[in-house]
Amino acid sequence: SSFSSVLAPAACRRKNLNREMANRVSGPERPWRGVNLGGWLLLEPGPSADIFNRHREKAAKRGRFLRCEWSLMAYLQEVGAVDEIVEHRETHITKEDFAQIARCGLNAVRLPIGYWILLGASAGEPYVGPAIEYVDRAVAWAEEFDLQVLLDLHGCPGGENSGAPCGHMQPPMRWHWSDWNFA
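Because the structure is predicted, anything quoted here is derived from the model rather than measured. Starting from 1, residues in each chain are numbered consecutively following that chain's sequence as written. Where totals are concerned, whole chains, interfaces and linings use all residues; where local detail is concerned, this predicted model gives features only for residues with pLDDT of at least 70, and gives and counts side-chain atom pairs only at 80 or more. For side-chain calculations, the full set of non-hydrogen atoms in the structure is used, while hydrogens and water are omitted.

S.K.: How would you sum up the nonpolar core? Please name residues and give values.
M.R.: The set of buried Ala, Val, Leu, Ile, Met, Phe, Trp, Tyr and Cys residues whose side-chain atoms join them within 4.5 Å is what this entry labels a nonpolar core. When accessible area is computed with a 1.4 Å probe and restricted to protein chains, residues below 20% of their type maximum are described as buried, those above 50% as exposed, and intermediate ones as partly exposed. Ranked by size, the top nonpolar core spans 21 residues in total, and within it Leu37, Trp40, Leu41, Phe98, Leu111 and Ile117 carry the most contacts. Segments assigned H or I by DSSP are reported as helices when at least four residues long, segments assigned E as strands when at least two residues long, and all are numbered from the N terminus. Of all the secondary structure elements, the ones that give two or more residues to this core are helix H5 (95–103), strand S2 (108–114), helix H6 (115–119) and helix H7 (132–144). Examining the composition of this core, we find that 5 residues originate from one element, H7, more than from any other. A contact between two residues is defined here by any heavy atoms of the two lying within 4.5 Å. Ile117 has contacts with Leu41, Arg89, Pro130, Ala131, Ile132 and Val135, leaving out every residue within four places of it along the chain.

Right under this line is the structure:
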């Protein structure tokens with residue numbers, strides 16, 4: 001009798017835990033049908049082509065090649081045009097975009113960000129931040145239009161690869177996991 005009184009509750013807890021795990025694995029009640037908001041809060045030459053293209057020729061004349069947010073922001077600081085990042089953040093994605101996403105029948109947005117949006121840039125980095133008000137704005141707009149948000153930490157301190165999508169493009173095979181900044 002004491003044996004079953006000890007094991008029965010454990011078996012019930014295990015059964016409930018298994019049910020909870022199954023619910024977590026099965027995903028949200030509504031499958032996500034969404035769109036990526038890339039290029040807004042982490043700049044890449046493709047989705048953020050306008051701001052890169054405006055400066056590409058002049059930067060090249062100065063020996064600067066705009067390949068990622070890092071190189072763009074370093075150039076904008078060099079020429080005293082950092083305020084362009086604010087204009088970009090104010091206009092690249094707007095409330096009307098969220099309304100249009102909802103009207104299209106989608107129910108989710110993916111919001112890639114660099115860590116500097118939340119914490120500000122680390123010493124010696126050209127990123128502009130923090131700019132968490134844009135994340136707050138995106139979440140408020142998503143809530144208003146009944147959209148779910150996937151907040152994607154796309155640019156970690158020190159990067160996570162050598163490509164432009166992490167915010168700091170580096171020569172191939174240059175990046176190593178030890179570049180992560182754990183401080």
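Having seen it, we continue.
S.K.: Mind laying out the sheet that holds strand S1 (residues 34–36), listing which residues take part and the relevant values?
M.R.: Spatial strand order, S1-S2-S3: 3 strands in an open sheet with parallel pairing. Strands with a single pairing partner mark the edges of an open sheet, and in this sheet they are S1 and strand S3 (148–155). When strand polarity is set aside, the average angle formed by the axes of neighbouring strands in this sheet is 25 degrees. As defined by bridge partners, S1 adjoins S2 across 3 bridges and the pair is classed as parallel. Each residue of the ladder has a partner; that of Asn36, found in S2, is Arg110. Strands pair, by our definition, only if DSSP identifies at least two bridges between them. Every axis in this analysis is a line fitted to C-alpha atoms, fitted for helices over the stretch in contact. Angles between the N-to-C directions lie between 0 and 180 degrees.

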